[in-house]
Amino acid sequence: ALGVIADIQLADAEDGHDFAGCRRRYYRHSLRLLREAVREWAGESPPIDCVLQLGDSIDGQNARRGEAESALQQVLEVLGQLSVPVHHAWGNHELYNFSRARLVHTGLYSRPAGGSDGPPDRECHAYHCSPAPRLRLVVLDTYDVSTLGTEPGSARYQESLRVLREKNPNDDLNSPEGLKEPHFVAFNGGFSQAQLDWFDEVLKLSDENQEKVIVMAHVPIHPLASNGVCLAWNFEAALAVIHSHGCVVCVLAGHLHDGAYCQDCHGVHHLTLEGLIETPPQSNAFGTLYVYEDKMVLKGRGRIPDRVMHF
């Protein structure tokens, strides 16, 4: 049993709206809703095995308010009340607040400190673990190639800017206006070849061990589990790795606050969770995912619907 939650985006700020100005965001209430989620997870019987936090734990406005560290501390303290591991994906809002080098030294760095369970680049927040027999969790870093959280003079930044500029000529790199491929915006990112090669090796291992694999990331990697904009830059490359193996049963993502779902032509479920930040105070948006031999059952709370996904 896995707790799942996405886009908490805590900030000590009055309610606001999304970038389009039409969807309400409840910045302060997200902490209370997170506490409710933690209380419910803590009381589950049988107990949950871990929690998957799908990214954007705090809001980008904390950076200009000088409150990034304190906001993050509040979120981590609430999640820390659980007696089970919490696996974190890095989202764009983490990278608005912190550099990648700094994130490595925060509680959002859930990649194990030793061993060979992630790519050689320690600042790539990807890793794998086994929360239960014959079940593997793979955490992917959808901002491994990104202009966010990196020094403008660095090789990572320059290569990411080149990739982005090839597809997006707009003055505002966060604008998808007029783009043939509207997901090439700065608030998305992509996968390095090194991460994709590592991912391929992990799935080979899971094929050999007859494991089922759940993948988690911040940005969706299937167009039908997206709105066409909130999508990883080189999603096709990640899907090609997944589809060359038989072990992946589900890909979990956040980023798109409306949520989305599809089952692709290879039978893989792609579930994009509704965001906590746009959840009214009287509702909620989290769930518990129960994994069985032949299916997964999502028990959703509030905005997140129940779902049964067969393998």
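Residues numbered from 1 in each chain as written. Predicted model: local features only at pLDDT ≥ 70, side-chain atom pairs only at ≥ 80, totals over all residues. Heavy atoms only, no water.

Named according to an unreviewed UniProt entry, the chain is Manganese-dependent ADP-ribose/CDP-alcohol diphosphatase originating from Leptocoma aspasia. One UniProt comment on the chain, placed under Subunit (unreviewed entry), says "Monomer." The heading Sequence similarities (unreviewed entry) in the UniProt record of the chain holds the text "Belongs to the ADPRibase-Mn family." (UniProt positions renumbered as here; feature names shortened; annotations may be inferred.)

A. Inspection of the overall build of the chain at higher detail. When helices and strands are counted, the chain shows 8 helices and 14 strands. For 311 residues, the compact-globule estimate of 2.2 N^0.38 gives 19 Å, and the C-alpha radius of gyration of the chain, at 18 Å, lies within 12% of that figure. In terms of overall dimensions, the chain has a C-alpha envelope of 50 × 45 × 35 Å along the principal axes. Taken across its 311 residues, the chain has 58% of its residues classed as buried. (Helix = DSSP H or I, 4+ residues; strand = E, 2+ residues; numbered from the N terminus. Rg over C-alpha atoms; globule rule 2.2 N^0.38 Å. Buried < 20%, exposed > 50% of the residue type's maximum accessible area, 1.4 Å probe, protein only.)

B. Focus on the packing of aromatic side chains. Applying the stated criterion to the full structure yields 3 aromatic pairs. Relative to Trp233, the ring of Phe184 lies with its centre 6.0 Å away and its plane at 25°, an arrangement referred to as stacked. Placement of the pair is Phe184 in the loop between helix 6 (155-167) and helix 7 (193-208) and Trp233 in the loop between strand 8 (212-216) and helix 8 (235-243), with a sequence separation of 49 residues. Positioned above the aromatic ring of Tyr261 is the side chain of Arg307, whose terminal nitrogen or guanidinium carbon lies 4.2 Å from the ring centre. (Phe/Tyr/Trp six-rings, centres within 6.5 Å; stacked < 30°, edge-to-face > 60°. Lys NZ or Arg CZ within 6 Å of the ring centre and 35° of its normal.)

C. Inspection of the pattern of salt bridges at higher detail. Applying the stated criterion across every chain, the model contains 22 salt bridges. In this structure, the salt-bridge partner of Glu67 is Arg65, at a minimum N-O distance of 3.2 Å. Among the residues examined, Glu67 registers a relative accessible area of 23% and is labelled partly exposed. Owing to a relative accessible area of 37%, Arg65 belongs among the partly exposed residues under this scheme. Several salt bridges converge on common partners, so that one network encompasses Arg23, Arg25, Asp258 and Glu278. (Salt bridge = Lys/Arg side-chain N within 4 Å of Asp/Glu carboxyl O.)

D. Spotlight on the sheet that holds strand 1 (residues 2-5). Taken in spatial order, the 6 strands of this open sheet run 5-4-1-12-13-14, and their pairing is mixed. Each having just a single partner strand, strand 5 (86-88) and strand 14 (307-310) make up the two edges of the open sheet. Across this sheet, the average inter-strand angle for adjacent strands is 20°, counted without regard to direction. Relative to strand 12 (residues 285-291), strand 1 runs antiparallel, the two sharing 3 bridges. Its bridge partner lying in strand 12, Leu2 is registered against Leu289. The strands touched by helix 1 (residues 29-42) within the sheet are strand 1, strand 4 (50-53), strand 12 and strand 13 (295-302), with strand 12 carrying the most contacts at an inclination of about 25°. (Pairing = 2+ DSSP bridges. Axes fitted to C-alpha atoms, helices over the stretch in contact; angles between N-to-C directions. Contact = heavy atoms within 4.5 Å.)

E. Molecular detail of the nonpolar core. With 84 residues, the main nonpolar core has Leu34, Trp41, Phe199, Ile214, Ile221, Val248 and Leu252 as its most contacted residues. If you tally residues by element for this core, the top one is helix 3 (residues 68-79), at 7 residues. If near-sequence neighbours (up to four positions away) are discounted, Leu252 is found in contact with Val4, Leu52, Leu54, Ile214, Val215, Met216, Ala217, Leu271 and Leu289. Residues Leu179, Cys230, Leu256 and Ala260 belong to the second largest nonpolar core, which totals 7 residues. (Core = buried A, V, L, I, M, F, W, Y, C linked by side-chain atoms within 4.5 Å.)

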